[in-house]
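Chains, contacts and geometry: an overview
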Amino acid sequence: MRQYKVLNAWTGRFNIDLLKSRCRLAYYHVTSSFLQPENRSIGPSVKKRQRRVFEHEGSVQIPGFNQKKKNGSKVSLELRKLSLEDSPREKWQQLRQKTKVDSRSDSHEIVFGIAPCLLALSQGRRKAFKLFVKDGEAAERASVLKVCEEAHSRGVQICHVRKNDLDKMSLGRVHQGVCLQASRLDFLTKTTCNSRGSKDSNRPPLWLVLEEIQDPMNLGAILRSAYFLGVDRVASSVHRSCPLSPVVSKASSGVMEVMEVYGYESLEDMLRMKVAQGWQVVGSVGTEAEATHIPIIRCSDFHLTKPTLLLMGGEGEGLSRGLLSLCQALLSIPAGRNLFPGIESLNVSVAAGIILHSMLQSRK
């Protein structure tokens, strides 16, 4: 009987010591979660014990936390502010609620990708509103930091958001961790002509004229080749042509933000005016083009000796009859093998790159 009492007293003391140790453990985790908010390895069971410690009347009191104010708030304003500053996840959640945008708005659009966003900011042809950057390690990449520095230097607000938010802004396209909310970029007209850079008077100019290019990926690739190879101006038909969209800017690797693209209601009127000024008009056709009264020559045999306009037709029908009738010569790209029926032509962006390279090399 005496042994049973001794055992009962010993186990009771052990339970008291165990309860004290649990209280110390709960107190340690509670205080460490505030002093070291970056430690996120606490499990759900410990978090539940933390809440019990706060709610229990006899629990350890943390100054400024569970001492109720007159307005009924448990957490002081200072502690809330410190908790928000030390908890980036909560801060970005509040930030995202304030920075949601509608990519379908008529007043702006979402430019996406490193090069398009950087050039849209640096060139100043658009009005930039907000720069959205993917939260996490992606924000520390050198290319992303360069975009952020450019935005900061121009007073553009920078918002850190989740990848899902960027995916929605870019409609699922490759955004590389950055999106820019900015005004739209439209075709230039004759009334807004403000040609940049000085032209070399010793070399005849070459304009690239596009008729009804409807695929934005093709238009972007054409602009990138034209800029790289040294085309003096790009002109496009306004009707039945794709606009200068963010997809075109991304496909051009940002060249659309730099190179001026002029839009014309009537390409025929523009061509007639240039012919009257002494320019020559050259079109492009496939290897199986029908015989016409207009001479068809290989692009490698053509020499650029006077101001020239190169016409490129759309993906489906090529150049219209109206523009073909204004051409003084037609250029073709010879095939390197016997071709199967149905694949006798190249993609319009590839063909434009080959012909432009051949013509501009002859100019040199």
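Heads up: these notes are all about the structure in this document.

About the criteria used
- Residues numbered from 1 in each chain as written.
- Predicted model: local features only at pLDDT ≥ 70, side-chain atom pairs only at ≥ 80, totals over all residues.
- Heavy atoms only, no water.
- Buried < 20%, exposed > 50% of the residue type's maximum accessible area, 1.4 Å probe, protein only.
- Helix = DSSP H or I, 4+ residues; strand = E, 2+ residues; numbered from the N terminus.
- Arc of directions from axis to C-beta.
- Contact = heavy atoms within 4.5 Å.
- Pairing = 2+ DSSP bridges.
- Polar contact = N/O pair within 3.5 Å; in protein donor to acceptor, adjacent residues only side chain to side chain.
- Right-handed = clockwise from strand over helix to strand, strands pointing away.
- Disulfide = S-S within 2.5 Å.
- Salt bridge = Lys/Arg side-chain N within 4 Å of Asp/Glu carboxyl O.
- Axes fitted to C-alpha atoms, helices over the stretch in contact; angles between N-to-C directions.
- Phe/Tyr/Trp six-rings, centres within 6.5 Å; stacked < 30°, edge-to-face > 60°.
- Lys NZ or Arg CZ within 6 Å of the ring centre and 35° of its normal.

Since there are 3.6 residues in each turn of an α-helix, residues three or four apart along the chain are aligned in direction. Regarding helix H10 (residues 267-276), the residues found buried are Leu267, Met270, Leu271 and Lys274. Each buried residue of H10 sits inside an arc of 100 degrees when the element is viewed along its axis, so together they form one side. Elements that come into contact with the buried residues of H10 comprise strand E5 (206-210), strand E6 (233-237), strand E7 (261-264), strand E8 (280-284), strand E10 (308-312) and helix H11 (321-324). Looking one or two places after H10, you find Gly278, whose phi comes out positive at around 100 degrees.

With five of five residues buried, E10 lies mostly within the body of the structure. Inspection of the sheet shows E8 paired to E10 by three bridges, in the parallel sense. Counted as the bridge partner of Val281 is Leu309 from E10.

What follows deals with the side chain of Ser284. Its place among the elements puts Ser284 in strand E8. A distance of 3.0 Å separates the side chain of Ser284 from the backbone oxygen of Leu311, its partner in a polar contact.

Let us now look at the pairing of strand E3 (residues 157-161). A regular strand places its side chains so that they alternate between the two faces of the sheet. As paired elements, strand E2 (residues 128-134) and E3 share five bridges and run parallel to each other. Looking at E3, one finds that Lys130 is bridged to Gln157. A crossover connection joins E2 to the parallel E3 through helix H6 (residues 142-153); in handedness this β-α-β unit is right-handed.

With that out of the way, let us pick up the state of the cysteines. Taken as a whole and assessed by the stated rule, the structure comprises zero disulfides. Cysteine Cys117 shares no disulfide, and the gap to the nearest cysteine sulfur, in Cys179, comes to 6.3 Å.

What follows deals with the pattern of salt bridges. When the charged atoms of two side chains lie near each other, side chains of opposite charge can form a pair. All chains considered together, the criterion is met by ten salt bridges. With a closest N to O distance of 4.0 Å, Arg240 and Glu212 form a salt bridge. Taken together, the residues span a long stretch of sequence, with Arg240 in the loop between E6 and helix H9 (246-251) and Glu212 in the loop between E5 and helix H8 (216-229) at a distance of 28 residues. Under the relative-accessibility criterion, Glu212 is labelled partly exposed at 27%. Here the salt bridges share partners, and the residues they tie into one network are Glu109, Arg126, Arg184 and Glu257.

We now examine the sheet that holds strand E11 (residues 329-332). As summarised here, the arrangement of the seven strands in space is E7-E6-E5-E10-E8-E11-E9, forming an open sheet in which the pairing is parallel. Of all the strands in the sheet, the pair left with one neighbour each is E7 and strand E9 (296-298). When the angles between neighbouring strand axes are averaged without regard to direction, this sheet yields 30 degrees. Note: E9 against E11, three bridges, orientation parallel. Paired with Ile297 across the two strands is Leu331, which belongs to E11. Set on the sheet, H8 makes contact with E5, E6 and E7; between it and E5 the angle comes to about 180 degrees.

Below, the discussion takes up the packing of aromatic side chains. The geometry of an aromatic ring pair is captured by two quantities: the separation of the ring centres and the angle between the planes. Counting across every chain of the model gives one aromatic pair. For Arg233, the ring lying beneath its charged end belongs to Tyr262, and the centroid distance is 3.9 Å.

Where helix H5 (residues 114-123) is concerned, the buried positions are Ile114, Pro116, Cys117, Leu118, Ala120 and Leu121. For H5, the elements touching its buried residues are strand E1 (109-112), E2, H6, strand E4 (178-182) and H9. At the exit of H5 stands Gly124, carrying a positive phi of roughly 75 degrees.

In short, shape yes, function no, at least from these values alone.
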